[in-house]
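# Structure at a glance
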Amino acid sequence: GAVVSQHPSWVICKSGTSVKIECRSLDFQATTMFWYRQFPKQSLMLMATSNEGSKATYEQGVEKDKFLINHASLTLSTLTVTSAHPEDSSFYICSVRRPGDQPQHFGDGTRLSIL
Amino acid sequence: QKEVEQDPGPLSVPEGAIVSLNCTYSNSAFQYFMWYRQYSRKGPELLMYTYSSGNKEDGRFTAQVDKSSKYISLFIRDSQPSDSATYLCAMKDSGGYQKVTFGTGTKLQVIP
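How each quantity is defined
Residues numbered from 1 in each chain as written. Chains lettered and ligands numbered in written order. Predicted model: local features only at pLDDT ≥ 70, side-chain atom pairs only at ≥ 80, totals over all residues. Heavy atoms only, no water. Helix = DSSP H or I, 4+ residues; strand = E, 2+ residues; numbered from the N terminus. Buried < 20%, exposed > 50% of the residue type's maximum accessible area, 1.4 Å probe, protein only. Contact = heavy atoms within 4.5 Å. Phe/Tyr/Trp six-rings, centres within 6.5 Å; stacked < 30°, edge-to-face > 60°. Lys NZ or Arg CZ within 6 Å of the ring centre and 35° of its normal. Pairing = 2+ DSSP bridges. Axes fitted to C-alpha atoms, helices over the stretch in contact; angles between N-to-C directions.

What follows covers the environment of D78(B). Residues and elements named next belong to chain B. Within the element layout of this structure, D78 appears in the loop between β8 (71-76) and β9 (85-92). Residue classification places D78 among the partly exposed residues on the basis of a relative accessible area of 41%. Measuring from C-alpha to C-alpha, the distance between D78 and R37 comes to 16 Å, with 41 residues separating the pair along the chain.

Before going further, it helps to examine the side chain of D88(A). All names here are of chain A. Summarising the element assignment, D88 is placed in the loop between β8 (76-81) and β9 (90-97). Exposure remark for D88: the relative accessible area of 6% places this residue in the buried category. When residues no more than four places from it in sequence are discounted, the contact partners of D88 are R37, K66, F67, V81, S83 and L112.

Attention shifts here to the packing of aromatic side chains. Two numbers describe a pair of aromatic rings. These are the distance of the centres and the angle of the planes. All told, the structure shown has 10 aromatic pairs over all chains when counted by the stated rule. Judged by centre distance (6.3 Å) and plane angle (45°), the ring pair of F67(A) and Y92(A) falls under tilted. Placement of F67(A) in strand β7 (residues 67-73) and of Y92(A) in strand β9 is noted, with a sequence separation of 25 residues between them. Residue classification places F67(A) among the buried positions, given a relative accessible area of 5%. Feature note: the residues Y36(A), F106(A), Y36(B) and F102(B) constitute an aromatic cluster, connected by ring pairs. Across the ring face of F91(A), the terminal group of R111(A) is positioned such that the distance to the ring centre comes to 4.8 Å.

This brings us to the sheet that holds strand β7 (residues 61-66) of chain B. Pairing between sheet strands relies on hydrogen bonds along the backbone, with the strands arranged either parallel or antiparallel. Residues and elements named next belong to chain B. Read across the sheet, five strands follow the order β1-β3-β8-β7-β6 without closing on themselves; strand pairing throughout is antiparallel. Edge positions in the sheet fall to β1 (4-6) and β6 (54-58), since each has one partner strand and no second. Taking the axes of each pair of neighbouring strands and ignoring which way they run, one obtains an average angle of 15° across the sheet.

Here it is in structure tokens:
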């Protein structure tokens, strides 16, 4: 069964709007979750690592004030794209990993289209 | 040079064929290797997860790792049209952070 639930699967909104994407770990309590971005025909690029109860760790070049991450519980992390613009249109995917040397399991992704 | 190199394809094969997908890497710190399948507009789905050099089999899928050559492969036997997807290799080291590095993916089409 699914390990990760991501919502919504698709969102279209106007430029300047803020959009929140939810990622839920269904199988276990996840102290760490990951947020990726994927452009068409390209691979996944890690944006940030979400840490429960503390600040997220952002990859170089990712704007912290633009992409707000909140990991308030052991099963839920949210990514908010603030003041979204057309260049933020992309496929956003979250993942979780069990403790130890375990692989990541991915959600079904959120397709974000900014008009 | 990219840390992980993967032929983007597309690769077209007839139904029933054996498919070979490959990745090379340059970072000798990589210890864990994964293959994911990604259907269009979906998140990646974990197919295989290996650590040591050698082969690991799961149904029609076989993952092969050669750490000395820094080369990994995924074989799909008796390929089916439902196998048509993009296949991503991924790898990570065993350090605390364990950042995963992905290949660019190979698009596979299995023709009925």
